[in-house]
Amino acid sequence: MNDVFIERMVKKKMEPLDMLIIVGVLAAILVAGVIGFVVGFLIIAFPMLTLLIWAGAIFGGYKLISMQMLEYEYSLTNGFVTVDKILNRSSRKRMTSFECDTCEDIGKYTENAARLKTRSFDARVYASQFRDGRDAWYMIVRSGKTGKTLVVFDPDEELLETIKKFIPRSLKFEKFGRNG
């Protein structure tokens, strides 16, 4: 049997909430700069303090804004899936990992979102392009680290077809029929 390895990257789309966060951070940098100027020049008369406050505000703002630049990576290796979150193309965090044969349910997220919001899970992993999960799929799986986990992700056709090969046969027939 041949080994199966598929890796996909999905970039999170900028939404109005993300833009609002960026504008808020920029406003906070300006407010911190004005406060730094007032304290450093007018109250304490120590100009170096103004420079330190500006530098701290700019650095903190950069870190907060770069946290909005997210990518998700899905890797499938012989039925074992890992989902990683990549911040600003520099740091990677493993969100979850699981075997496809532990899958209890799979389907389109938007069609099942209301039902899934009321169910209890040990962990919820949202690794989708959009916050609301439009055009996304979901899987309910058992993970060694995160327990019963809801995974919301954006697979392409090839990744979805490969996942279908590794999920339990009864679930595959139930969700996708005999030809799925």
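Attention here is on the structure that accompanies the text.

Scoring rules and cut-offs
Residues numbered from 1 in each chain as written. Predicted model: local features only at pLDDT ≥ 70, side-chain atom pairs only at ≥ 80, totals over all residues. Heavy atoms only, no water. Helix = DSSP H or I, 4+ residues; strand = E, 2+ residues; numbered from the N terminus. Rg over C-alpha atoms; globule rule 2.2 N^0.38 Å. Contact = heavy atoms within 4.5 Å. Core = buried A, V, L, I, M, F, W, Y, C linked by side-chain atoms within 4.5 Å. Buried < 20%, exposed > 50% of the residue type's maximum accessible area, 1.4 Å probe, protein only. Salt bridge = Lys/Arg side-chain N within 4 Å of Asp/Glu carboxyl O.

The next point concerns the overall build of the protein chain. Tallying secondary structure elements over the protein chain gives five helices and eight strands in all. Overall, the protein chain shows an N-to-C arrangement of helices and strands of β-α-α-β-β-β-β-α-β-β-β-α-α. Its C-alpha atoms give the protein chain a radius of gyration of 22 Å, more than 25% over the compact-globule value 16 Å for 180 residues. Projected onto the principal axes, the alpha-carbon positions of the protein chain cover approximately 75 × 35 × 25 Å. The long-range share in the protein chain, meaning contacts at least 24 apart out of those at least 6 apart in sequence, stands at 61%.

A few words on the nonpolar core. Core analysis: the largest hydrophobic core is formed by 26 residues, its most contacted members being Tyr74, Val83, Ile106, Met139, Ile163 and Ile167. Counting only elements with at least two residues in this core, the list comes to β1 (5-11), β2 (70-77), β3 (80-87), β4 (91-99), β6 (123-127), β7 (137-143), β8 (147-153) and α4 (157-166). Ignoring anything within four residues of it in the chain, the contact list for Ile106 reads Trp137, Tyr138, Met139, Leu160, Ile163, Ile167, Leu171, Lys175 and Phe176. Of all hydrophobic cores here, the second largest spans nine residues; its members include Phe121, Ala136, Ile140 and Val152.

This next bit is on the pattern of salt bridges. Inspection of the entire model under this criterion finds 16 salt bridges. Of the charged contacts, one joins Arg115 and Asp105 as a salt bridge, the two residues approaching to 3.4 Å between their closest N and O atoms. Taken as a pair, Arg115 in helix α3 (residues 109-118) and Asp105 in strand β5 (residues 105-108) lie far apart in primary sequence, ten residues in all. As a salt-bridge pair, Glu161 and Lys164 come within 3.0 Å of each other at their nearest N and O atoms. Note that Glu161 and Lys164 are positioned in helix α4 at a spacing of three residues, about one turn of the helix.

As a further point, take unusual backbone geometry. Although it is not a glycine, Asn88 sits at a positive phi angle of roughly 50°. On the secondary structure map, Asn88 appears in the loop between β3 and β4. Owing to a relative accessible area of 25%, Asn88 belongs among the partly exposed residues under this scheme. In this structure, Asp135 is a non-glycine residue whose phi angle is positive, near 65°. In this structure, Asp135 sits in the loop between β6 and β7. Judged by relative accessible area, which is 60%, Asp135 ranks as exposed.

It is worth stressing that arrangement in space is one thing and function is another; only the former is reported here.
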